[in-house]
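Fold and contact review
Listed here are the chains, written in short residue letters.
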Amino acid sequence: MTSPVRLALLGCGTVGAEVVRLLHEQSADLAARVGAPLEIAGIAVRRIGRDRGDLPVDPALFTTDALGLIKRDDVDVVVEVVGGIEPARGWLVEALRAGKSVVTANKALLAEDGGALHDAAAEGGGDLYYEASVAGAIPLLRPLRESLHGDRITRVTGIVNGTTNFILSAMHATGAGFAEALEEATELGYAEADPTADVEGFDAAAKAAILASLAFHSRVAAADVHREGITEVTAADVASAKAMGCTIKLLCIAARGADGQGREAVSVRVHPAMIPVTHPLASVGDAFNAVFVEAEAAGQLMFYGRGAGGAPTASAVLGDVVAVARNRLAGVRAASESAYADLPVRPMGEALTRYHISLDVADRPGVLESVAGVFARHDVSIATVRQVPAAGAAGAAGDAVLVIVTHVAPDAALAATVRELRGLDIVRAVASVLRVEGGL
């Protein structure tokens, strides 16, 4: 075999420690796959003295000088599993400009400023791989950037956050409210002590930006993604979805199509939505992830598996390490960023979707006519209307609950409809508004 490929590991938390373990346990197999041994040149951490149990690594490899480690001449590949924007951005730009290859799991950085990393990779001539940044161990990003490169992807719909999927799955299975399901997720270790990034959709929005960038050959940032979380989803919403033969999932949806002026653009959004139980994503339970890809020639494809956790994420990291190490030994680099399409991102108001609206209304003649008139004024067509018992409604006796599902319309028109409904005297409350996806 040739000389070892030397790795600088930035971070040794849950994922970093698993990377070290897998490098040790599978060293012979990895060397055979690469064509040279993989060796750790150093590990940058915040605190050298921290207890890391029986981690199979020489303590002398630990350092607090990440930048110094990156700049060493004997480092070929930089593996970053620290997370966050800074100082990770500065470290990776430095490495890439110096011609070193980079493997990162940093979804937040890629979604905020992936362009800077790609530009630095082009300048230095190294590889930039980031399979672990979306959906953990699921092989997803490389199929988008390589296997489907000869096709035209039209839509990507995914469940890309395990915490929210566990919560919504528990609410569907048991009838629990959001707070109860979140408490269970926290006790089982699926939710962080501060779950904001997950339940408010920030994590999923970062992943949606990465997926859209790859699928549509355009730079899409997290700031371009419309984001809503699941904190407002109630047990009543879940029950209503069940009554319609649906379930509720936090979806990331990226679609390509014509905008209002007939120009091609992309729409990227993250929000809870009802989908029919017959949809392939509806059966994705627990903390699993799944992404549904639609392409013109390949048709419909689905990628499914564990989307988080130390071992699954480390698996994706090492897959990238093997790829970039083989490239370095062969004296080649992977295909560079493909952003030639440079498609604009449509505002959420232009996105075409459907609404499920639950209204607490006065139960008297003419109510349905008045409500229907609001939809008509905003050019929103009603697909179905049903009245359900008013038990638990916000109003008093003599009230009714109308559940309305619309046909497809621009989100701005649907939102304007809801705003006008809130102002009607006959509407006691707009109890719930959820989008409907998946061809119901």
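Residues numbered from 1 in each chain as written. Predicted model: local features only at pLDDT ≥ 70, side-chain atom pairs only at ≥ 80, totals over all residues. Heavy atoms only, no water.

Some words on the nonpolar core
Ranked by internal contacts, the top residues of the largest apolar core, which has 80 residues, are L10, V78, L140, I153, I167 and L211. The biggest single contributor to this core is helix α10 (residues 202–216), with eleven residues. Among all residues touching L10, those that are not within four sequence positions of it are A44, A66, L69, I70, V78, V79, E80, V81, V82, W91 and L92. Among the nonpolar cores identified, the runner-up in size contains 37 residues, and V19, L55, A314 and V317 belong to it. (Core = buried A, V, L, I, M, F, W, Y, C linked by side-chain atoms within 4.5 Å. Buried < 20%, exposed > 50% of the residue type's maximum accessible area, 1.4 Å probe, protein only. Helix = DSSP H or I, 4+ residues; strand = E, 2+ residues; numbered from the N terminus. Contact = heavy atoms within 4.5 Å.)

A word on the pattern of salt bridges
Applying the stated rule across the entire model yields 24 salt bridges. Its salt-bridge partner being R21, residue D54 comes within 3.4 Å of it at the nearest N-O pair. Here D54 is found in the loop between β2 (38–44) and β3 (62–63), whereas its partner R21 is found in helix α1 (residues 14–25), with 33 residues between them in sequence. The class for D54 is exposed, based on a relative accessible area of 62%. (Salt bridge = Lys/Arg side-chain N within 4 Å of Asp/Glu carboxyl O.)

Overview of helix α2 (residues 27–34)
Along an α-helix, residues three or four apart share an orientation, since each turn contains 3.6 residues. Along α2, the residues classified as buried are L30, A31 and V34. Across the axial projection of α2, the buried residues extend over an arc of 100 degrees, all falling on one side. Every exposed residue of α2 that faces more than 90 degrees away from the buried side is listed here: A28 and A32. Positioned one or two residues after α2, G35 has a phi angle of 100 degrees, which is positive. (Arc of directions from axis to C-beta.)

Quick notes on the side chain of S133
Note that S133 resides in the loop between β6 (128–129) and α6 (141–147). For S133, a relative accessible area of 2% translates into the label buried. A polar atom in the side chain of S133 sits 2.7 Å from the backbone oxygen of Y130. Those residues in contact with S133, other than ones at most four positions away along the chain, are T104, A105, N106, K107, L110, L141, K207 and I210. (Polar contact = N/O pair within 3.5 Å; in protein donor to acceptor, adjacent residues only side chain to side chain.)

Some remarks on the pairing of strand β17 (residues 427–436)
Looking at chain direction, strand β10 (residues 264–276) and β17 are connected through two bridges and run parallel. Looking at β17, one finds that A273 is bridged to R435. (Pairing = 2+ DSSP bridges.)

Some points on the environment of G260
Mapped onto the elements of the fold, G260 is located in the loop between β9 (246–258) and β10. Take G260: its relative accessible area is 65%, and that puts it in the exposed class. Separated by 20 residues in the primary sequence, G260 and P280 place their C-alpha atoms 30 Å from one another.

What about unusual backbone geometry?
Across the chain, the bulk of peptide bonds are trans and the bulk of non-glycine residues have phi less than zero. Backbone torsion omega between E86 and P87 reads 10 degrees, so that peptide bond is classified as cis. Relative to the assigned elements, P87 resides in the loop between β4 (77–80) and α4 (88–97). Positive phi values are uncommon outside glycine, yet A135 reaches one of about 65 degrees. Residue classification places A135 among the buried residues on the basis of a relative accessible area of 1%. Even without a glycine there, the phi angle at D286 is positive, about 55 degrees. One can find D286 in the loop between β10 and β11 (288–295).

Some thoughts on α1
An ideal rise of 1.5 Å per residue puts 16 Å on twelve residues; α1 measures up with 17 Å between its terminal C-alpha atoms. Residues of α1 that are buried: V15, G16, A17, V19, V20, L22 and L23. In this structure, the buried side of α1 is in contact with β1 (5–10), α2, β2 and α12 (310–330). (Expected span 1.5 Å × (residues − 1).)

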